[in-house]
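# Notes for the structure review
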Amino acid sequence: MSMLLTDNRSIIESKGSVYIDNGYFQFYKDVLYTITLILDTKKIDYHTIYTTFTDKYGKHTSLNPKVVTWQDDRVKITLEKPLTIKYVSLVEFNEILESDTTEKAIQERLREDFINEF
C-alpha cells in the first residue's frame, strides 16, 4: 500500500516475514529516506539488537529508557522499545524540514495578506 502524504512524499507499508512484523518505507522525491522496522519480539530480543548495533556502530549518541540513538552527519538510527528500528537519511530529512518551514512561512504570509485586505 502506498499513500501520498504531501507533494513529493509517499509511504509504503509492508507485512514482514520471520523476524519483521511490519515495515514502513518513506520516500521524498522518489528517494527512500526513512525505514521503520517493527520486529517480532517472540523471535528476537532487544538486547541482541542493542549489542549488535553497539558492536557495529560504536557507542550510542543518546540514550533514554525508551530509545537509543546512533547518529552522524548523514544517518540517524534508533532502537526503540519494545523492538522497533528506525533508519533516517538526514540529508533528505533536513531538506523536508527546511521545505516545511519555508512552506509554513509562505502560508503564514499569505494568511496575513488575506487578513490585511479587509
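Quick look at the structure, then. Every value quoted in this text rests on a predicted model; they were computed, and no experiment measured them. (Residues numbered from 1 in each chain as written. Predicted model: local features only at pLDDT ≥ 70, side-chain atom pairs only at ≥ 80, totals over all residues. Heavy atoms only, no water.)

Once that is clear, we can look at the pattern of salt bridges. Scanning the entire structure with this criterion turns up 3 salt bridges. Asp-40 is the salt-bridge partner of Lys-43, the closest N and O atoms lying 4.0 Å from each other. On the accessibility criterion, Asp-40 (13% relative accessible area) is buried. (Salt bridge = Lys/Arg side-chain N within 4 Å of Asp/Glu carboxyl O. Buried < 20%, exposed > 50% of the residue type's maximum accessible area, 1.4 Å probe, protein only.)

Let us now look at the pairing of strand E4 (residues 31-39). Strand residues, when the strand is regular, have side chains that alternate between the two faces of the sheet. As judged from the 8 bridges shared by strand E3 (residues 20-28) and E4, these two strands associate in the antiparallel manner. Its bridge partner lying in E4, Phe-25 is registered against Ile-35. Joining the antiparallel neighbours E3 and E4 is a turn of 2 residues, in which Lys-29 adopts a positive phi near 50°. As defined by bridge partners, E4 adjoins strand E8 (residues 84-89) across 5 bridges and the pair is classed as antiparallel. The partner of Thr-34 across the bridge, within E8, is Val-88. (Pairing = 2+ DSSP bridges. Helix = DSSP H or I, 4+ residues; strand = E, 2+ residues; numbered from the N terminus.)

This part covers helix H1 (residues 46-57). Here H1 spans 16 Å end to end across 12 residues, near enough to the 16 Å set by a 1.5 Å rise per residue. Within H1 the residues assigned to the buried category are Tyr-46, Ile-49 and Phe-53. The buried side chains of H1 occupy one side of the element, clustering within an arc of 70° when seen end-on. Among the exposed residues of H1, those oriented more than 90 degrees off its buried face are His-47 and Asp-55. As for H1, its buried residues are in contact with E4, strand E6 (67-71), strand E7 (75-80) and E8. Sitting at the amino-terminal end of H1 is Asp-45, which places a side-chain oxygen 3.2 Å from the backbone nitrogen of His-47. (Expected span 1.5 Å × (residues − 1). Arc of directions from axis to C-beta. Contact = heavy atoms within 4.5 Å. Polar contact = N/O pair within 3.5 Å; in protein donor to acceptor, adjacent residues only side chain to side chain.)

Tracing the backbone through its elements, the reader meets Thr-84 in strand E8. Judged by relative accessible area, which is 13%, Thr-84 ranks as buried. Those residues in contact with Thr-84 that sit more than four places away from it in its chain are Thr-36, Leu-37, Ile-38, Thr-78 and Leu-79.

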